[in-house]
Amino acid sequence: MQRDQQIFDIIRQELERQRHGIELIASENFTSLQVMQAMGTVMTNKYAEGYPGRRYYGGCEIVDQSEQLAIDRAKQIFGAAYANVQPHSGAQANAAVMLAILQPGDKILGLDLSMGGHLTHGASVNYSGKLYQPLFYGVNRESGLVEYDKMEEIAVKEKPKLIVCGASAYSRDWDYKRIRAIADQIGAFVMADIAHPAGMIAKGLLNSPFEHCHFVTTTTHKTLRGPRGGMILMGKDFENPFGLKTPKGEIRMMSSLIDTAVFPGIQGGPLEHVIAAKAISFFEILTDEYTAYARQMQQNAQAMAKAFTDKGYQIVSGGTDNHLMLIDLRNKNISGKKAEQTFVKADITINKNMVPFDDKSAFVTSGIRVGVPAITTRGLTETHMPQIVEWIDQLIMDADNESLITSVRGEVNSFMQQFPLYPEL
Ligand SMILES: *Cc1c(COP(=O)(O)O)cnc(C)c1O
């Protein structure tokens, strides 16, 4: 077969882009070389509908071994009793949990998208807001913290069947115990979507949801630093069937309901090459090196938040417990959109983000979301954070100054040369 030089040239350009820039998108990271290598293997050729030991295709004995390793390691990382590593993405993981326990039209209660929640937590443009009846809690206007009292008020009044906690743009830890107590008053399920902070939860740097939440979903490519994908986990609760009945009236185990919801409920064949890569990333997470990485992420985020605050920036909730922060730019007279566009010209990547009670649209926004998982993987530490904030501040203060942008880009590019990315490639 003739080589597709066109696409390999594009891939090479993307590698160079990743090497030269400062990556501050909170949901991005750089996987290890072995994680990427596994994704480019013969495992992609295998159909394996079903689960290890019970597949619908022959010849699955070998992929069974890597999927089982992925499951076992995922359980070990979080001290979980159940793991399903097949969801193709975080969105799929959430869809499967909802399919397993809800009927169309059932009420779900999640964090409002404009306050840091995720599309799959009931947004009107998403299946979760179309198939189910969404209700939302938010954060407090002054403190920027989740309003658990409001969550309780809505839950007691509306009796949702599922309460979703977790967020895409919330820098504080969650009170899972409180949420479970609210859910228990009305017999609701709790799903913690830890797509963002999973890596820090894995290392005990943030509260663990496993003791209190019936379901835990996550992506594998954000702080967990694995291949792009999702996963569903359960703690002890999975042994309890919660009285969920099949049409024939049998009570089903929760683990079997979730397995069935993933396949054949929302997916066909699992991506065994990605599952092998997930297993490798889980192996890496179990090392001391990753523990040090998770701690460094938290230290970097705190150092960065301090550097921003020292320069008069307003961080929603006043700081961060995890790996990200949301910066309200309204006192700096620039929109999130303009900031994003300016930074990208200087090879600094962030994303514009609505802030709570934003008066601008999702396309413009008053804020930016900044995260440290990727730069921490590159090897940056607390000492480097003030320099990054200095560049960002210069760009914000003089966003139309093209010669400034060019000079910052030069400084950024030479700075990042100290932190080689994929030197083997
Ligand atoms: C990123 C994210 C997801 C979705 O992950 P995808 O893999 O992009 O589908 C789900 N929930 C939360 C809270 C997220 O931040």
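Residues numbered from 1 in each chain as written. Predicted model: local features only at pLDDT ≥ 70, side-chain atom pairs only at ≥ 80, totals over all residues. Heavy atoms only, no water.

Turning our eyes to something else, we now look at the overall build of the protein. Of the regular secondary structure elements, the protein holds 15 helices and 15 strands. Scaling as 2.2 N^0.38, a compact globule of 425 residues should have a C-alpha radius of gyration of about 22 Å, and the protein matches this with 22 Å. On the principal axes, the C-alpha backbone points of the protein span a range of 70 × 60 × 40 Å. Among the 425 residues that make up the protein, the fraction classed as buried is 56%. Once local pairs closer than 6 in sequence are excluded, the contacts in the protein between residues at least 24 apart make up 72%. With the model as given, the accessible surface of the protein reaches about 18200 Å², and the carbon-plus-sulfur share is 52%. Of the side chains in the protein, 42 bear a positive and 47 a negative charge, and the two mean positions are spaced by 3 Å. (Helix = DSSP H or I, 4+ residues; strand = E, 2+ residues; numbered from the N terminus. Rg over C-alpha atoms; globule rule 2.2 N^0.38 Å. Buried < 20%, exposed > 50% of the residue type's maximum accessible area, 1.4 Å probe, protein only. Contact = heavy atoms within 4.5 Å. Areas by Shrake-Rupley, 256 points an atom, 1.4 Å probe, with all protein chains shown as cover. Lys, Arg positive; Asp, Glu negative; His and termini not counted. Charge placed at Lys NZ, Arg CZ, Asp CG, Glu CD.)

With that settled, the discussion passes to the packing of aromatic side chains. Two descriptors summarise a pair of aromatic rings, namely the distance from one centre to the other and the angle between the planes of the rings. Applying the stated criterion across every chain yields a total of ten aromatic pairs. Aromatic rings pair up to connect Y137, Y170 and W174 into one cluster. Over the face of the ring belonging to Y293 we find R225, whose NZ or CZ atom lies 3.9 Å from the ring centre. A cation sits over an aromatic face here: R378 above F30, 5.9 Å from the ring centre. (Phe/Tyr/Trp six-rings, centres within 6.5 Å; stacked < 30°, edge-to-face > 60°. Lys NZ or Arg CZ within 6 Å of the ring centre and 35° of its normal.)

If you trace the backbone, V372 turns up in the loop between strand 15 (367-371) and helix 13 (373-378). Sequence separation of V372 and L24 is 348 residues, and the distance between their C-alpha atoms is 5.9 Å. Leaving out residues up to four positions away in the same chain, V372 has contacts with M297, N300, A301, M304 and H323.

Before going further, it helps to spend a moment on the sheet that holds strand 8 (residues 189-193). If you trace the seven strands from one edge of the open sheet to the other, you get 4-10-9-8-7-5-6, paired in mixed fashion. In the strand order of this sheet, the two ends are held by strand 4 (82-84) and strand 6 (133-137), each with one partner. Each strand of the sheet is rotated relative to its neighbour by a mean of 20 degrees, with strand direction disregarded. Across four bridges, the pairing between strand 9 (residues 215-219) and strand 10 (residues 230-234) is antiparallel. If you follow V216 over to strand 10, its bridge partner there is L233. Those strands touched by helix 7 (residues 176-186) are strand 7 (162-165) and strand 8, and its axis lies near 165 degrees from that of strand 7. (Pairing = 2+ DSSP bridges. Axes fitted to C-alpha atoms, helices over the stretch in contact; angles between N-to-C directions.)

In the vicinity of the ligand, 13 residues are found, and the nearest of them are G90, A91, S168, D193 and K222. At 2.9 Å, a backbone N or O of G90 approaches an oxygen atom of the ligand. One of the side-chain N or O atoms of D193 is found 2.5 Å from a nitrogen atom in the ligand. Starting from 390 Å² of accessible surface for the ligand in isolation, the protein chains cover 85%. Counting residues per element, the shell around the ligand draws most heavily on helix 4 (residues 90-101), at three residues. Within the shell around the ligand, the residues separate by chemical class into three nonpolar, eight polar and two charged. (Near = heavy atom within 4 Å. Polar contact = N/O pair within 3.5 Å; in protein donor to acceptor, adjacent residues only side chain to side chain. Nonpolar A, V, L, I, M, F, W, Y, C, P; charged D, E, K, R; others polar.)

For the rest of this paragraph, the subject is the domain arrangement of the protein. Per the domain assignment, the segments of the protein are domain 1 (7-26 + 295-416) and domain 2 (34-285). Computed over C-alpha atoms only, the centres of domain 1 and domain 2 are separated by 29 Å. With 23 residues of domain 1 at the interface, the matching set in domain 2 holds 21 residues. Summing both partners gives a buried area of about 1900 Å² for domain 1 against domain 2, and 60% of it is carried by carbon and sulfur. Summed over the three residues of domain 1 that lose the most area to domain 2, namely S317, D321 and F357, the buried surface amounts to 31% of that side. Between the two partners, domain 1 and domain 2, sit one salt bridge. Between R172 and D321 there is a salt bridge, and its shortest N-O distance comes to 3.0 Å. Of all the secondary-structure elements, those providing two or more residues to the side of domain 1 that touches domain 2 are helix 11 (288-310), strand 12 (324-328) and helix 13. (Domains from an automatic or database assignment. Buried area = accessible area lost by both parts, 1.4 Å probe. Salt bridge = Lys/Arg side-chain N within 4 Å of Asp/Glu carboxyl O.)

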